[in-house]
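# Structure at a glance
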Amino acid sequence: MAGQTIPSTGAAGVRGDPGSARGLAAGLLRQVPAWAVSMLVHVIILLAMALIVSEPPKADLRPKMIVSNAPESAEDIGDLADEMPDQLPMEEVTDPVVVPDAAVENVQVVADAEDLSAPAVAVELSDFGSELVQPSDLLAGVGGIAGQAGGLGGRTDPKMRQQLVLAGGGNAQTEAAVEAALKWFISHQMPDGGWSFDLAACPSCQGQCSHSGKSRAKDRCGATALALLPFLGRGYTHREGPYKKQLDAGIAFLAGMSLKGEGKCYGEDGTLYSQGLAGIVLSESYAMSKDPRLQLPAQLALNFIMTAQDPVGGGWRYSPKQPGDTSAVGWQLMALKSGDMANLRVNPLTVKKAVAFLDSVQSDDGAAYGYTDKSTPGPARNAVGLLCRMYLGWKKNNPALQRGVANLAKAGPSKDLYHDYYATQVLHHLEGDAWTAWNTRMRDLLLNTQAKRGHEAGSWYDGVDGGHGADAAGRLYCTALSAMILEVYYRHLPIYGQQSVEEDFRE
Ligand SMILES: [Zn+2]
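The rules behind the values
Residues numbered from 1 in each chain as written. Predicted model: local features only at pLDDT ≥ 70, side-chain atom pairs only at ≥ 80, totals over all residues. Heavy atoms only, no water. Helix = DSSP H or I, 4+ residues; strand = E, 2+ residues; numbered from the N terminus. Buried < 20%, exposed > 50% of the residue type's maximum accessible area, 1.4 Å probe, protein only. Areas by Shrake-Rupley, 256 points an atom, 1.4 Å probe, with all protein chains shown as cover. Contact = heavy atoms within 4.5 Å. Polar contact = N/O pair within 3.5 Å; in protein donor to acceptor, adjacent residues only side chain to side chain. Donors = N, O, S within 2.8 Å, 3.2 Å for Na, K, Ca; no water. Axes fitted to C-alpha atoms, helices over the stretch in contact; angles between N-to-C directions. Parallel < 35°, antiparallel > 145°, perpendicular 65-115°, else oblique. Left-handed = near helix turned anticlockwise from the far one by under 90°. Nonpolar A, V, L, I, M, F, W, Y, C, P; charged D, E, K, R; others polar. pLDDT = per-residue confidence, 0-100.

### Considering the overall build of the protein
- Scanning the protein for helices and strands turns up 21 helices and two strands.
- The buried share of the protein, taken over its 507 residues, is 58%.
- With the model as given, the accessible surface of the protein reaches about 20,400 Å², and the carbon-plus-sulfur share is 56%.

This is the structure we're talking about:
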């Protein structure tokens, strides 16, 4: 820690002549309390950070140029619109982000819990798994995908990806379907590098695709993040794969929004749903590409998420500090987990509070999850809650987890892609017969419903029930979720498979 190291150097390491300037400084330093020296050091670092932050981004990621073209975003894409029809538009909440905090978080040397006004880093949480991880890295200990980009290894290694496809029940058709979806996205990229739910606004589409998400046209953040996720899921970045140039522009679009908003990626009309999606994209892009230019926008986006948490209940909803809902919490937790895998800073207290939120909405000992309280469990929110629990360290043999997964498996895939997106991940992590049965139905359902011909080829909309944002956000939203469902085999390494390997290794 800088706060401890540097003062001790000043007191003992600098022993110059008391009459000289150097000796005077050393003498003064010895008389100043350690906390004051620590504060001084942090102020200096903050000033240095301010210089770094104000320096324009270089090379071909073009935040500044693209920011000027980036309209403000509007509504969330993942909201449970059918249940909460009166929640939009969102109430206004003062932007809570404070730039110096954000800058401090980005400087690893000072980013200990003391500096972040968090409690001691050694938070005890029985839910968290491995004892081998550092106590300040709560998320790194969850499940089996500890730290680093380990959870993303299936994407970036083509040989491993192929093995995972075959092992998980995918095939050449699922891979071809994913590639066709990516081509559809490329042909619907906007001239400014981002994407829009409103396909009629896209010059190369101009409404040729049905089910445009016109009512969500302003949510460029959400649309762009959703469009980019399947590329990252397939292992493609602005430095790897066949779409470097397009992804460079797309990632720059989001990075620019984060820098412009000091971490807030969505516009005045937007919500934290889009923020969570952007947080995942920026973190994954940084983790996979190792492009240092992405560290700051990714960390700022995560800082905004952490600052926006409801300080009482521990959840997230549409606006910062609002009492949470399970759906929004799912996206934020995935963003924080992605950030952790990218070695970005995640405050353990934020995670602890999020666990408290899940506790507050669960029923049946955690097999089921409500929306804003425990009274309203449903298939989609159950799937979100269970996936969060898996990432937060629940063991494979947890009875509530087993029960909840059995309920999902029994119901099977639905026409609600939002539900299917989460439930597919839950089932895949648990593997076994239930996964095999689920995958066969889910995979074939998507292969059969993907548009095969004409301008819409590669996209999805037919066969969905329109809930959970599908109607409002339209074809782009459905295509992103469908493509990611078919990437499930390698998009994240199975939590418990990896855990088993580690446990074997430790014996
Ligand atoms: Zn189109």
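The discussion continues.
### Quick word on the environment of Ala-180
- Within the secondary structure, Ala-180 sits in helix H8 (residues 172-186).
- Separated by 278 residues in sequence, Ala-180 and Gly-458 place their C-alpha atoms 4.5 Å apart.
- Once residues within four sequence positions are removed from consideration, Ala-180 is found in contact with Gln-450, Ala-457 and Gly-458.

### Side note on the side chain of Gln-275
- Mapped onto the elements of the fold, Gln-275 is located in helix H11 (residues 272-289).
- Classification of Gln-275 as buried rests on a relative accessible area of 0%.
- At 2.8 Å, the side chain of Gln-275 forms a polar contact with the backbone nitrogen of Cys-265.

### Regarding the coordination of the zinc ion
- Donor atoms from the polypeptide that coordinate the zinc ion comprise His-188 (NE2), Cys-205 (SG), Cys-209 (SG) and His-455 (NE2), at 2.0 to 2.2 Å from the metal.
- Within one chain, the residues donating to the zinc ion are spaced in sequence as H-x16-C-x3-C-x245-H. Here His-455 lies in the loop between helix H18 (432-449) and helix H19 (470-486) and Cys-205 lies in the loop between H8 and helix H9 (220-233), a separation of 250 residues in the sequence.

### Looking at the packing of helix H17 (residues 417-430) against H19
- In contact at an axis separation of 9 Å, H17 and H19 are set at 20 degrees when each is read in the N-to-C sense. Looking at the two axes, H17 sits roughly parallel to H19. As for how H17 packs across H19, the hand of that crossing is left-handed. Contacts from Leu-417, Tyr-418, Asp-420, Tyr-421 and Thr-424 of H17 reach H19 at Tyr-477, Cys-478, Leu-481, Ser-482, Met-484 and Ile-485.
- The class makeup of the residues in the contact of H17 with H19 is eight nonpolar, two polar and one charged.

### Remarks on the confidence of the model for the protein
- Averaged over every residue, the pLDDT of the protein is 77; residues scoring 70 or more account for 68%.
- Note that pLDDT drops below 50 for residues 1-32; the model gives that stretch 25 contacts with residues more than four away or on any other chain.
- Confidence over residues 62-138 falls short of pLDDT 50; this stretch has 183 contacts with residues more than four positions distant or in other chains.

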